[in-house]
Amino acid sequence: MTSRCTIHRKAAPGARTPGALKTTAWTSVATGIPFRLIRGEGYRSILIGETQTEVANRLGDLPVGTPLLDNDLIEITVGKNAGRVVRVLESIGADQRKSLRVPVVETQRPEEWP
């Protein structure tokens, strides 16, 4: 795994950055984690407007023991897919001895991120 990522999680309601007036929406759970974005098996159907389309299933490959929860966002910071953000669909993935494979879907970067 040559890419690196940062895992972001929705902050608890009311969590604040010191000195900030606004509620912080996200907190970084882990940074510099080895990551690989790979194609999964099959396709899934999605609806875009009024058009039904199929997109390939994607998997995120991370080290076993990575602290993940459903709906965490993974920001790819280094490597081929740097700048992409994916959302964890299901945090209990397939254990491949030294890696954890979880289903992910590409998503937009939240506006409140720096």
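Residues numbered from 1 in each chain as written. Predicted model: local features only at pLDDT ≥ 70, side-chain atom pairs only at ≥ 80, totals over all residues. Heavy atoms only, no water.

**Student:** Quick one: what's the story with the overall build of the protein, residue by residue and with numbers?
**Tutor:** Each helix and strand counted, the protein has 0 helices and 7 strands in total. Counting across all 114 residues of the protein, residues that qualify as buried make up 31%. Long-range contacts, defined here as pairs at least 24 residues apart, represent 53% of the contacts in the protein between residues at least 6 apart. Taken as a whole, the protein presents about 7500 Å² of accessible surface, with 51% of it coming from carbon and sulfur. (Helix = DSSP H or I, 4+ residues; strand = E, 2+ residues; numbered from the N terminus. Buried < 20%, exposed > 50% of the residue type's maximum accessible area, 1.4 Å probe, protein only. Contact = heavy atoms within 4.5 Å. Areas by Shrake-Rupley, 256 points an atom, 1.4 Å probe, with all protein chains shown as cover.)

**Student:** Mind laying out the nonpolar core, listing which residues take part and the relevant values?
**Tutor:** Soluble globular proteins: nonpolar side chains tend toward being buried together. Core analysis: the largest hydrophobic core is formed by 15 residues, its most contacted members being Cys-5, Ile-7, Phe-35, Leu-62, Leu-68, Ile-74 and Val-102. Elements with a contribution of two residues or more to this core: β1 (3–10), β2 (26–48), β4 (73–78), β5 (85–88) and β7 (99–107). Here this core takes 4 residues from β2, the largest share from any one element. (Core = buried A, V, L, I, M, F, W, Y, C linked by side-chain atoms within 4.5 Å.)

**Student:** Account for unusual backbone geometry, naming residues and giving values.
**Tutor:** Positive phi, normally seen in glycine, also occurs at Asn-71, with a value near 70 degrees. With respect to the element layout, Asn-71 can be found in the loop between β3 (51–63) and β4. For Asn-71, a relative accessible area of 43% translates into the label partly exposed.

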